[in-house]
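Examining the three-dimensional arrangement
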Amino acid sequence: MRKFLVVLDDSRECLNAMRYAALRAAHTGAGVQILSIIPPEEFQHWIGVSDLMRAEARERIEAHFEVFAKWMRDKQGVNPELVIREGDPVTEILAQVKDDPEVGVLVLGAGTEKSGPGPLVTQMSRNSGNLPIPITIVPGDMSKERLEAIT
């Protein structure tokens, strides 16, 4: 089954990327894989403290994921899978695409700030010529109605 890979983070634009991935998956019979990446700098402490912080980060991610997963299951009939990786976001996205051959499209949400679409979209765009899959960039300020209309 083809999967839409979408990145779960704390950005506002993440919501539109999630919606788009779920709607496209529902309309095409595909799956959704939600990737959350824990940056390595969060754990630059003593071993005991870093283990506790890592566990708390995973719990926070899983709780955040469940909100999106419930909506996807209830509203779109899509049962997403969660993947949690640790490291540099771009490196981990590329590794996930390589590790799972069913991933067919990377979906990212673009920020609406004057400074640009956000660091992840900017960095992934730079690597897009070498990716084995296409990237879909969803505007962060696109309305829910417009998303539904185009998917």
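Coordinates for the structure precede this section.
Presented here is an overview of the structure given in this document. Just so we're clear, the structure is a prediction, and the values are computed from it rather than from any experiment. Note on numbering: residues in each chain are counted from 1, in written sequence order. Only residues with pLDDT of at least 70 get local features here, since the model is predicted, and only at 80 or more are side-chain atom pairs given and counted; chain-wide, interface and lining totals rely on the full set of residues. As a rule here, side-chain values cover all heavy atoms of the structure and leave hydrogens and water aside.

In this section: the overall build of the chain. Secondary structure elements are defined from DSSP: runs of H or I of at least 4 residues count as helices, runs of E of at least 2 residues count as strands, and each element is numbered from the N terminus. Scanning the chain from terminus to terminus reveals five helices and five strands. Secondary structure elements of the chain, listed N to C terminal, follow the sequence β-α-β-α-β-α-β-α-β-α. Radius of gyration: C-alpha atoms only; globule rule: 2.2 Å multiplied by the number of residues to the exponent 0.38. Over its C-alpha trace the chain gives a radius of gyration of 15 Å, about what one expects of a compact globule, namely 15 Å for 151 residues. Taking the principal axes of the C-alpha coordinates as reference, the chain spans close to 50 × 35 × 30 Å. Think of it in three bands: with a 1.4 Å probe and only protein chains considered, a residue is buried below 20% of the maximum accessible area for its type, exposed above 50%, and partly exposed in between. Looking at the chain as a whole, 42% of its 151 residues are labelled buried. Considering only intrachain contacts with a sequence separation of at least 6, the fraction spanning at least 24 residues in the chain is 73%. Summed over all atoms, the accessible surface of the chain reaches about 8,300 Å², with 51% contributed by carbon and sulfur. Taken together, the 17 basic and 22 acidic charged side chains of the chain have centroids lying 7 Å from each other. Every residue pair with non-hydrogen atoms within 4.5 Å of one another is taken to be in contact. Per-residue and other accessible areas follow the Shrake-Rupley method at a 1.4 Å probe size, with only the shown protein chains counted as cover for residues. Residues scored as charged are limited to Lys and Arg (positive) and Asp and Glu (negative), so that His and the chain ends carry no count. All charge positions are set by atom: Lys at NZ, Arg at CZ, Asp at CG, Glu at CD.

Let us look at the pattern of salt bridges. For salt bridges, the criterion is a side-chain nitrogen of Lys or Arg within 4 Å of an Asp or Glu carboxyl oxygen. Scanning the model with the defined rule gives nine salt bridges in all. Its salt-bridge partner being Arg54, residue Glu86 comes within 2.9 Å of it at the nearest N-O pair. In this pair, Glu86 is assigned in strand S3 (residues 81-86) and Arg54 in helix H2 (residues 47-76), connecting sequence segments 32 residues apart. Relative accessible area serves as the criterion here: at 31%, Glu86 is assigned to the partly exposed category. Across the salt bridge formed by Arg58 and Glu86, the nearest N and O atoms sit 3.6 Å from each other.

This next bit is on the sheet that holds S3. Only strands joined by at least two bridges in the DSSP assignment are considered to pair. An order of S3-S2-S1-S4-S5 is seen for the five strands of this open sheet, with the pairing classed as parallel. The strands lining the two open edges of the sheet, one partner per strand, are S3 and strand S5 (135-139). Shown here is a sheet whose adjacent strand axes are inclined to one another by a mean of 30 degrees, direction ignored. As defined by bridge partners, strand S2 (residues 31-38) adjoins S3 across six bridges and the pair is classed as parallel. Looking across to S3, one finds that Ile38 is bridged to Glu86. Think of each axis as a best-fit line through the C-alpha atoms, taken over the contacting stretch in the case of a helix, with angles from 0 to 180 degrees between the N-to-C directions. In the packing of helix H3 (residues 89-99) onto the sheet, contacts are made with strand S1 (3-7), S2, S3 and strand S4 (103-110), and the angle to S2 comes to roughly 145 degrees. Here helix H4 (residues 119-127) sits on the sheet and contacts S1, S4 and S5; the angle it forms with S4, its principal contact strand, is near 135 degrees.

Examined bridge by bridge, S4 and S5 share five bridges and lie parallel to one another. Residue pairing across strands places Val107 opposite Thr136, the latter belonging to S5. With strands facing away from the observer, any crossover in which the path from the first strand over the helix to the second runs clockwise is taken as right-handed. For the crossover from S4 across H4 to S5, the handedness is right-handed.

Keep in mind these values describe shape, not function.
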